[in-house]
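Coordinates in review
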Amino acid sequence: MSIVVDRIRKTYGAQIALDDVTFTVNSGEIVGFIGPNGAGKSTMMKIICALLVPDSGSVKVNGCDPASGSLEIKKKLGYLPESNPLYPDMYVEEYLRYVAAIYRSDSKSGSRVRDIMGITGLLPEKNKKIAALSKGYRQRVGLAQAIIHEPEVLILDEPTSGLDPNQIIEIRNLISDLGSEKTVILSTHIMQEVEAICKRVIIINKGKIIANDLAENIGSYGISPSHTVVVEFKRDPERKIFDSILGVEQVKNLKPGTWLIQTSGETDIRADLFNLAVKHELVILSLHRKEKKLEDVFRELTLSNDTSIN
Ligand code: ADP
Ligand code: MG
């Protein structure tokens, strides 16, 4: 099930939340939707789920407009809102039965509730009140309600925010498992999360899409192409020998024998370093190029004033 977002614009009074946003998510993809606070992520997700009406533009889920009121298309969408509002006084199982009943009235909803509690690891907590759950378990209840009707598209707004590191990994694994057979858009500001589970990354800033590419390609984005190499020598050379390398911007002695060399441009300087070592009779113990991390690209793109890249 694909999602096609075409020239969406949304304003709140004078505030432009989304400015001509266009992107496509293909069937079966897990896409990371990332951007700083206030970038427009939640607004976009609500519009996809037809909870908010855009000023202009269109959204199509599998060719249909979710705002058309068609129950068929609503059944195909699962949404985990950012603040995950739940009914604190309801018991876990009771709440999930209630949600299941909204979507189906057949006799199978009871077994579906049990299945979903199994998938999301909620069985041991099923008789607790939602208010008594830890944040991680509350998030599982949120995910359970988002997938109880077996939607083909999942829209998850910061599903791991506020969780501890162990809970983050558990929820992340759960999303990866679910994502193997669904189309997923996941917003987050945790870059490792995107690197761990998303095939594609869409970066949004100030209401505009500024990058949209496969996760493995995103390292080539950014305004300042740079190249960083970490080299380990058997004995420390003098710092000035690195001056002869073209475009050197930064030289750091990380620890005895180990140096970080950063150059501008995309040229690989590993061969230069090797030649330098030979010239100065230095023994290289290791030499590796540091890949630019999504985090670096994100900072470069969202902190820059020029948001018109791509
Ligand atoms: P994100 O989820 O990326 O943090 P949001 O979509 O929540 O961003 O918000 C985008 C922009 O729209 C922000 O500047 C925010 O202040 C504004 N905004 C969001 N909701 C409302 C609202 N109900 N009324 C007025 N402004 C809003
Ligand atoms: Mg948000």
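Sequence order as written defines the numbering, with residues in each chain counted from 1. Here every chain gets a letter starting at A, and every ligand a number starting at 1, in the order they are written. A pLDDT threshold of at least 70 governs which residues receive local features in this predicted model, and a stricter bar of 80 or more applies before side-chain atom pairs are shown or counted, although totals over entire chains, interfaces and linings include all residues. The side-chain figures draw on all heavy atoms in the structure; neither hydrogens nor water molecules are used.

**Examining the packing of helix α3 (residues 92-103) against helix α4 (residues 109-119)**
Fitted lines through C-alpha atoms give the axes, limited to the stretch in contact for helices. The angle between two N-to-C directions lies from 0 to 180 degrees. We count a stretch as a helix when DSSP gives it H or I for four or more residues in a row; a strand needs E for two or more, and each element gets its number in order from the N terminus. Packing of α3 against α4 leaves a shortest axis separation of 9 Å and a crossing angle of 125 degrees. Classified by the angle between their axes, α3 and α4 sit oblique to one another. Of the two possible hands of crossing, α3 and α4 adopt the one that is right-handed. Along the contact surface, α3 presents V92, E93, L96, R97 and A100, while α4 presents S109, G110, V113, R114, I116 and M117. The residue classification treats Ala, Val, Leu, Ile, Met, Phe, Trp, Tyr, Cys and Pro as nonpolar and Asp, Glu, Lys and Arg as charged. All others, Gly included, are polar. Of the residues contributing to the contact of α3 with α4, the split by class is six nonpolar, two polar and three charged. Geometric relationships in this document are graded by angle, where less than 35 degrees denotes roughly parallel, more than 145 denotes roughly antiparallel, 65 to 115 denotes roughly perpendicular, and other angles denote oblique. Here a crossing is called left-handed whenever its near helix is offset anticlockwise from the far helix by less than a right angle, and right-handed whenever the offset is clockwise. Should any heavy atoms of two residues lie within 4.5 Å, those residues are considered in contact.

**Details of the sheet that holds strand β2 (residues 15-25)**
We treat two strands as partners when DSSP finds at least two bridges between them. Strand order in the open sheet formed by three strands is β2-β1-β4, and the pairing between neighbours is antiparallel. The strands lining the two open edges of the sheet, one partner per strand, are β2 and β4 (56-61). Here the strands of the sheet are splayed against their neighbours by 20 degrees on average, with no regard to which way each runs. With seven bridges joining them, strand β1 (residues 3-12) and β2 adopt antiparallel strand pairing. Of the residues in β2, the one forming a bridge with I8 is V21.

**Comments concerning the domain arrangement of the protein**
Assigned domains of the protein: these are domain 1 (3-220) and domain 2 (226-291). An automatic or database domain assignment provides the domain bounds reported here. Distance from the C-alpha centre of domain 1 to the C-alpha centre of domain 2: 45 Å.

**Some thoughts on the coordination of the magnesium ion (ligand 2)**
Taken together, the protein ligands of the magnesium ion (ligand 2) are S42 (OG), E82 (OE) and E82 (OE), with distances of 2.0 to 2.7 Å. Of this pair, S42 sits in helix α1 (residues 41-48) while E82 sits in the loop between β5 (77-80) and α3; the two residues are 40 residues apart in sequence, bridging distant segments of the chain. Overall, the relative accessible area of 39% leaves E82 in the partly exposed class. Donors, by definition, are the N, O and S atoms found within 2.8 Å of a metal, the threshold being 3.2 Å for Na, K and Ca, and water is not counted, so a site can look incomplete. Any residue under 20% of the maximum accessible area for its type is buried, any over 50% is exposed, and the rest in between are partly exposed; the area is computed with a 1.4 Å probe on protein chains only.

**Focus: unusual backbone geometry**
Phi angles above zero are rare outside glycine, and N62 is one such case at about 50 degrees. Position of N62 relative to the elements: it lies in the loop between β4 and α2 (71-75). Of note in this structure, K206 is not a glycine but carries a positive phi near 50 degrees. Checked against the element boundaries, K206 lands in the loop between β8 (200-205) and β9 (208-214). The class for K206 is exposed, based on a relative accessible area of 54%.

**Focus on the site of ligand 1**
Definition of nearness: a residue and a molecule or strand are near each other if at least one heavy atom of the residue lies within 4 Å of the molecule or strand. In the vicinity of ligand 1, the contacting residues are Y12, Q15, A17, P36, N37, G38, A39, G40, K41, S42 and T43. A 3.5 Å cut-off defines polar contacts: any pair of N or O atoms within that distance qualifies, except that in protein one atom must be a possible hydrogen donor and the other a possible acceptor, and neighbouring residues in sequence count only when both atoms are side-chain atoms. Take Y12: an N or O atom from its side chain is 3.5 Å from a nitrogen atom of ligand 1. Between an oxygen atom of ligand 1 and a main-chain N or O atom of G38, the distance comes to 2.7 Å. For every accessible area listed, the method is Shrake-Rupley and the probe measures 1.4 Å; residues are considered covered only by the protein chains on display. Notes on ligand 1: free accessible area 570 Å², of which the protein chains cover 62%. The greatest single-element share of the shell around ligand 1, amounting to three residues, is contributed by α1. Looking at the shell around ligand 1 residue by residue, the class counts come to four nonpolar, six polar and one charged.

**So, the packing of aromatic side chains**
Stacked, edge-to-face and tilted are the three classes for Phe, Tyr and Trp ring pairs, Trp counted by its six-membered ring, which pair at centre distances within 6.5 Å; planes under 30 degrees apart are stacked, over 60 edge-to-face, the rest tilted. Throughout the structure, instances matching the rule amount to six aromatic pairs. Centroid distance Y87 to Y98: 5.9 Å. Interplanar angle 85 degrees. Geometry classified as edge-to-face. Here Y87, found in the loop between β5 and α3, pairs with Y98, found in helix α3; they are eleven residues apart in sequence, far enough to count as distant. Given a relative accessible area of 44%, Y87 falls into the partly exposed group. Between F233 and F242 the ring centres are 6.2 Å apart and the planes differ by 35 degrees, which places this aromatic pair in the tilted class. Side by side, F233 and F242 carry an identical accessibility label, which is buried.

**Some thoughts on the state of the cysteines**
By definition, disulfides here are pairs of cysteine sulfur atoms that lie within 2.5 Å. With the rule as written, the count across this model stands at zero disulfides. In this structure C49 is a free cysteine whose sulfur lies 15 Å from that of C64, the closest cysteine sulfur available. In this structure C49 comes out as buried when scored by relative accessible area, which is 9%. You can see C198 has no disulfide; the closest cysteine sulfur is in C49, sitting 16 Å from it. Since its relative accessible area comes to 7%, C198 is described here as buried.

**Observations concerning the layout of surface pockets**
Grid points spaced at 1 Å and placed over the protein atoms alone form the basis of the search, with a cavity being a set where a 1.4 Å probe fits but cannot get out and a pocket an open set showing protein on both sides within 12 Å along at least five of seven lines. Lining residues have an atom within 4 Å of a point. Grid points are joined across faces, edges and corners, and a volume is the space filled by probe spheres set on the points. Of the voids in this model, the largest pocket is the one considered here, and its volume is about 500 Å³. Together, 19 residues line the largest pocket, and L51, L77, Y79, Y103 and Q145 are the ones closest to its centre. For the lining of the largest pocket, the elements supplying multiple residues, two or more each, are β5, α3 and α5 (135-147). For the lining of the largest pocket, the element with the most residues is α3, which contributes five residues. Among the residues forming the lining of the largest pocket, the class breakdown is 14 nonpolar, four polar and one charged.

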